[in-house]
Amino acid sequence: MPAAARKKDTAPRAWQRMISGRRLDLLDPSPFDVEIEDIAHGLARVARWNGQTHGDHAFSVAEHSVVVLQILDHLYPKLEPKWRLAAILHDASEYVIGDMISPFKAALGVNYREFEDRLERAIHLRYGLPPKLPAEVKRKIKRADVICAYFEATQIAGFTKEEALKYFGRPPADLEITIKPRPVKQAQILMLDTFKTVLAQVEGR
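Residues numbered from 1 in each chain as written. Predicted model: local features only at pLDDT ≥ 70, side-chain atom pairs only at ≥ 80, totals over all residues. Heavy atoms only, no water.

(A) Looking closely at the pattern of salt bridges. Taken as a whole and assessed by the stated rule, the structure comprises eight salt bridges. Where Arg22 meets Glu35, a salt bridge forms, and the shortest distance between an N and an O atom there is 2.9 Å. Residue Arg22 is found in the loop between strand E1 (15-17) and strand E2 (23-25), and its partner Glu35 is found in the loop between E2 and helix H2 (36-43); the two are separated by 13 residues along the sequence. Classification of Arg22 as partly exposed rests on a relative accessible area of 32%. The class of Glu35 is buried, set by a relative accessible area of 15%. Between Arg139 and Glu136 there is a salt bridge, and its shortest N-O distance comes to 2.7 Å. In this pair, Arg139 and Glu136 both sit in helix H8 (residues 135-155), three residues apart, roughly one turn of the helix. By relative accessible area, which is 42% here, Arg139 ends up partly exposed. Residue Glu136 is classed as partly exposed on the basis of its relative accessible area of 42%. Salt bridges sharing partners connect three or more residues here, namely Arg22, Asp33, Glu35 and Arg126. (Salt bridge = Lys/Arg side-chain N within 4 Å of Asp/Glu carboxyl O. Helix = DSSP H or I, 4+ residues; strand = E, 2+ residues; numbered from the N terminus. Buried < 20%, exposed > 50% of the residue type's maximum accessible area, 1.4 Å probe, protein only.)

What follows is the structure, given as structure tokens:
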């Protein structure tokens with residue numbers, strides 16, 4: 001066998017087969033290989049806080065994404081539907097790379113960020129969003145994300161209110177969120193249904 005052929009045969013696999021049957025190139029992800037069914041399926045099985053939470057079920061990234069959208073709606077009720085769509089997809093890249101806690105992301109450095117950014121761009125393009133969100137939109141989604149983290153930290157992740165205030169700040173006084181981790185299938189359906197509702201609004205249906 002020629003050396004070139006042997007090299008090709010032994011090259012490491014750089015794609016992942018999704019539950020839909022799609023093959024997602026991990027080094028150069030294509031929007032054409034992104035499906036919301038795969039995203040919801042994956043995120044429902046990814047645990048926030050590395051699974052270090054109270055209760056019979058992990059709090060999944062799928063359910064977290066829906067709660068972040070609820071918080072965003074409370075903070076900015078007149079936000080355009082396309083940015084609401086961006087909110088529910090704000091952690092969508094984790095259906096491939098998992099939910100790494102922030103300190104670990106920082107330790108991994110820029111290469112991880114570049115990989116995450118490429119995947120995020122492909123997801124955005126698949127659903128008609130700009131590859132890179134406007135800074136103000138990203139700031140608003142991040143604010144909702146951090147507020148959600150406060151409620152998760154104090155209700156299921158074992159943080160005292162003092163610790164949570166230190167790391168996440170104080171949530172709005174008029175906002176009450178109850179974090180109730182759901183079974184995997186329920187979380188998957190919740191995210192998928194919420195996504196489809198928001199997408200229909202974006203498309204004017």
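(B) How the structure looks around the packing of H8 against helix H9 (residues 161-168). Remark: H8 packs on H9, axes separated minimally by 9 Å, with the N-to-C direction vectors making an angle of 160°. Between H8 and H9, the interaxial angle falls into the category roughly antiparallel. Considering only the axes of H8 and H9, their crossing is right-handed. Contacts between H8 and H9 involve Val146, Ala149, Tyr150, Ala153 and Thr154 from the former and Lys161, Ala164, Leu165 and Phe168 from the latter. Here the contact of H8 with H9 is composed, by residue class, of seven nonpolar, one polar and one charged. (Axes fitted to C-alpha atoms, helices over the stretch in contact; angles between N-to-C directions. Parallel < 35°, antiparallel > 145°, perpendicular 65-115°, else oblique. Left-handed = near helix turned anticlockwise from the far one by under 90°. Contact = heavy atoms within 4.5 Å. Nonpolar A, V, L, I, M, F, W, Y, C, P; charged D, E, K, R; others polar.)

(C) Region of interest: the packing of aromatic side chains. Throughout the structure, instances matching the rule amount to seven aromatic pairs. Among the aromatic residues, ring-to-ring pairing joins Trp49, Phe159, Tyr167 and Phe168 into one connected group. Lying over the aromatic face of Trp15, Arg23 brings its terminal NZ or CZ to 4.0 Å of the ring centre. Here Lys140 stacks its cationic end above the ring of Tyr76, 4.9 Å away from the centre of that ring. (Phe/Tyr/Trp six-rings, centres within 6.5 Å; stacked < 30°, edge-to-face > 60°. Lys NZ or Arg CZ within 6 Å of the ring centre and 35° of its normal.)

(D) Representation of the environment of Leu43 within the structure. As for its position among the elements, Leu43 is in helix H2. Looking at Leu43, the relative accessible area reads 0%, which means it is buried. With 48 residues separating them along the chain, Leu43 and Asp91 place their C-alpha atoms 8.5 Å apart. Non-local contacts of Leu43, meaning those with residues more than four positions away in its chain, are made with Ser60, Val61, Ala62, Ser65, Asp91, Ala92, Glu94, Tyr95 and Met191.

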